[in-house]
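Here is what each chain is made of, one letter per residue.
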Amino acid sequence: MPHQPPPSENPARLESFRSEVVERVRAGGNVWKLPRGELRLPRVFGFCRGVERALVMLAEALAGHAAGGGRVVLLGQIIHNPWVNDYFQRQGVRILSGTEMEDLESFLGPDDAAVVPAFGVRPDVERRLQAIGCRRIDTTCGNVRRLWQWVERAAADGYGVMIFGRTRHDETIVTRSRLGEAGGHYVIVESIAQVETFCRILAGAAGGDRDEAFRKAFAGAATNAASLAPFARLAQVSQTTMLYDDTLAVRDRLGQAFAPDAGPDRLLFEPTVCRATQSRQIAAVELCQSGLDLTVVVGGFGSSNTRHLYELAGEFSPAVFIEQADSIRSAAQIRTIDPATETPVLREGWLPRRENLRVGVLAGASCPEVVVGQVLERLAALLA
Ligand code: SF4
């Protein structure tokens, strides 16, 4: 019996995000057979508990606070999915952009409700909300909060922190600002190659002055340290949505780098990739291993966990990453993302021209089932 995702914490509140098509395909063993092929779903996909909780809290704020005449203002995107953010905007939620967030006082008053997204907000934003005196609805996921607590403790114990994540991702921006505020030092590595660079500099294998090499390799937002000294004792964490296998590779590489003279306490790891991310990655690999001609990955282009599913899928078959059903313009043309430039592009010839096509559909933890259902319907029309 295939394992199904956990039930919603409040199904009634998220009714608009559900899909009868997805339910039908699930009931059919996660396969939709069609005249020219079949569509396959993994056994776990879509909303995680953290996302569901955030959306339920936002929906409740809208129902309660807005009914009393106050505005509901979202401090950035609630999650990285355009369909979901558009949905709440249509319901009257004001979503502040990055620039508007720097000028909070112009957009929020004491009668408003400010909603903190699932990735949390920087401590300075929290202080400003307090000064404004508005109601605060905090949807920060418990996994993200645990990550903050762990790095703050590590910093207090004298460790420099390596964050394996995306420098510009909201979660990592908030984590590093909390760490900086707690007096800690961080270095952010986005890839295994950057971990390798860090280890080579640490070992003095990069040549020249180690601190100078460090400053050159990790400039700007990647670190708040002026030298390697804070990382003599290193604590390593990962953004909650990274590829789990990559986090193991980071751990192995650091283990080698510190091995020669590592005392028991010189290197600490905390497995911070959340279970929802892991279970979706495991299910995605299982589906990809079932033998697919094409994988369609659905979710926001800004969604880290969806992006990693796309990377995974590409290791097994041709893959396309789309945001929603209307990204599929026709059997010939699709709106996807260019992995090299990370910009949206129109791609031709994405659908293999052959009979009995096996197409897998993956969706990240921030993708609502209703969008997956619309994508399935559009693909089904092409395989009819
Ligand atoms: S992906 Fe993980 S960390 Fe992010 S909201 Fe979901 S459960 Fe929380």
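Not measured: the values here are computed from a predicted model.

(A) Structural view of the overall build of the chain. From N to C terminus, the chain includes 13 helices and 15 strands. Whereas a compact globule of 384 residues would reach a radius of gyration of roughly 21 Å, the chain reaches 22 Å, a difference of no more than 12%. C-alpha extents for the chain along the principal axes are approximately 65 × 55 × 40 Å. Long-range contacts, defined as pairs at least 24 residues apart, comprise 70% of the intrachain contacts of the chain with a sequence gap of at least 6. Accessible surface for the chain amounts to roughly 16,600 Å². Of this, 49% is attributable to carbon and sulfur atoms. Distance from the positive charge centre (43 side chains) to the negative charge centre (45 side chains) of the chain: 2 Å.

(B) Region of the structure containing the state of the cysteines. The tally for this structure, following the rule as stated, stands at zero disulfides. The thiol of Cys 288 is not disulfide-bonded; the next cysteine sulfur, from Cys 367, is found 16 Å away. Residue classification places Cys 288 among the buried positions, given a relative accessible area of 5%.

(C) Region of the structure containing the packing of aromatic side chains. Under the criterion given, the structure shown has 13 aromatic pairs. Ring centres of Phe 198 and Phe 214 lie 6.4 Å apart, and the angle between their planes is 75°; on these two criteria the pair is classed as edge-to-face. Of this pair, Phe 198 sits in helix α8 (residues 192-202) while Phe 214 sits in helix α9 (residues 210-217), and the two are 16 residues apart along the sequence. Considered together, Phe 198 and Phe 214 belong to a single accessibility category, that of buried residues. By way of ring pairs, the aromatic residues Phe 17, Phe 47, Trp 83, Tyr 87 and Phe 88 are connected into one cluster.

(D) Representation of the side chain of Asp 293. Structurally, Asp 293 is set in the loop between α11 (275-289) and β11 (294-298). In this structure Asp 293 comes out as buried when scored by relative accessible area, which is 12%. At 2.9 Å, the side chain of Asp 293 forms a polar contact with the side chain of Arg 354. At a separation of 2.7 Å, a polar atom in the side chain of Asp 293 contacts the main-chain amide nitrogen of Arg 358.

(E) Seen up close, the domain arrangement of the chain. When its domains are assigned, the chain resolves into domain 1 (11-48 + 275-382), domain 2 (49-140) and domain 3 (143-269). Computed from C-alpha coordinates alone, the two centres of domain 1 and domain 3 are separated by 33 Å. Here domain 1 packs against domain 3, burying approximately 850 Å² in sum over the two surfaces, 51% of which is carbon and sulfur. The interface formed by domain 1 and domain 3 includes one salt bridge. With a shortest N-O distance of 3.1 Å, Arg 166 and Glu 342 are connected by a salt bridge. The interface formed by domain 1 and domain 3 contains six residue pairs in polar contact (both at pLDDT 80 or more). If you list the elements that add at least two residues to the side of domain 1 that touches domain 3, you get α11 and α12 (304-314).

(F) Focus on the site of the ligand. Around the ligand, the neighbouring residues are Cys 48, Gly 50, Val 51, Cys 141, Asn 143, Thr 240, Cys 274 and Thr 277. Split into classes, the residues belonging to the shell around the ligand amount to four nonpolar, four polar and no charged.

(G) Region of the structure containing the sheet that holds strand β5 (residues 113-116). Pairing is parallel in the open sheet, where four strands are placed in the order β4-β3-β5-β6. Both edges of this open sheet fall to β4 (94-95) and β6 (135-138), since each of them pairs with a single strand only.

(H) Up close: the pairing of strand β2 (residues 37-40). Side chains Gly 37 and Leu 39 project from β2 onto one buried face, and the interleaved Glu 38 and Arg 40 project onto a second face that is buried too. Bridge analysis of strand β1 (residues 31-34) against β2 gives four bridges, and the strand direction is antiparallel. Opposite Leu 34, over in β2, you have Gly 37 as the bridge partner. Across four bridges, the pairing between β2 and strand β15 (residues 357-363) is parallel. If you follow Arg 40 over to β15, its bridge partner there is Gly 360.

(I) Here's a closer look at the nonpolar core. Leu 55 and Phe 88 are the most contacted members of the largest nonpolar core, which totals 59 residues. At eight residues, the largest contribution of residues to this core is made by helix α2 (residues 49-64). Domain assignment of the residues forming this core places at least three in each of domain 1 (11-48 + 275-382) and domain 2 (49-140). If sequence neighbours within four positions are ignored, Phe 88 has contacts with Phe 17, Leu 55, Leu 58, Ala 59, Leu 62 and Val 93. In terms of nonpolar packing, the next biggest core, distinct from the first, is built from 22 residues, Leu 202, Ala 222, Ala 225 and Phe 258 among them.

Rules behind the numbers
Within each chain, residue numbers correspond to sequence positions counted from 1 in written order. A pLDDT threshold of at least 70 governs which residues receive local features in this predicted model, and a stricter bar of 80 or more applies before side-chain atom pairs are shown or counted, although totals over entire chains, interfaces and linings include all residues. Computation of side-chain values: all heavy atoms of the structure, hydrogens and water removed. We count a stretch as a helix when DSSP gives it H or I for four or more residues in a row; a strand needs E for two or more, and each element gets its number in order from the N terminus. It is over C-alpha atoms that the radius of gyration is taken, and the globule rule equals 2.2 Å times the number of residues to the power 0.38. Contacts: residue pairs with any heavy atoms within 4.5 Å of one another. For the accessible areas, the method is Shrake-Rupley and the probe is 1.4 Å, while residue cover comes only from the protein chains on display. A positive count includes Lys and Arg, and a negative count includes Asp and Glu. His and the chain ends are not counted in either. The atoms used to mark charge sites are NZ of Lys, CZ of Arg, CG of Asp and CD of Glu. Cysteine sulfur atoms that pair up within 2.5 Å are treated as a disulfide. Under the scheme applied here, a residue whose accessible area is under 20% of the maximum for its type counts as buried, over 50% as exposed, and between as partly exposed, the area being computed with a 1.4 Å probe on protein chains only. Put simply, two rings from Phe, Tyr or Trp (the six-membered ring, in Trp's case) pair if the centres are within 6.5 Å, and we call them stacked under 30 degrees between planes, edge-to-face over 60, tilted for the rest. Under this definition, polar contacts are N or O atom pairs within 3.5 Å; protein pairs additionally need one hydrogen-donor-capable and one acceptor-capable atom, and for neighbouring residues in sequence, both atoms have to be side-chain atoms. Segmentation into domains, and thus their bounds, comes from an automatic or database assignment. Reported buried area values correspond to the accessible surface (1.4 Å probe) lost by two parts on association, with both partners' losses combined. Salt bridge, as applied in this entry: a Lys or Arg side-chain nitrogen positioned within 4 Å of an Asp or Glu carboxyl oxygen. One heavy atom within 4 Å of a molecule or strand makes the whole residue count as near it. Each residue is assigned to one of three groups, with Ala, Val, Leu, Ile, Met, Phe, Trp, Tyr, Cys and Pro labelled nonpolar, Asp, Glu, Lys and Arg labelled charged, and all others, Gly among them, labelled polar. Strands are treated as partners if at least two bridges between them are detected by DSSP. Buried residues of nine kinds, namely Ala, Val, Leu, Ile, Met, Phe, Trp, Tyr and Cys, make up a nonpolar core once their side-chain atoms join them within 4.5 Å.

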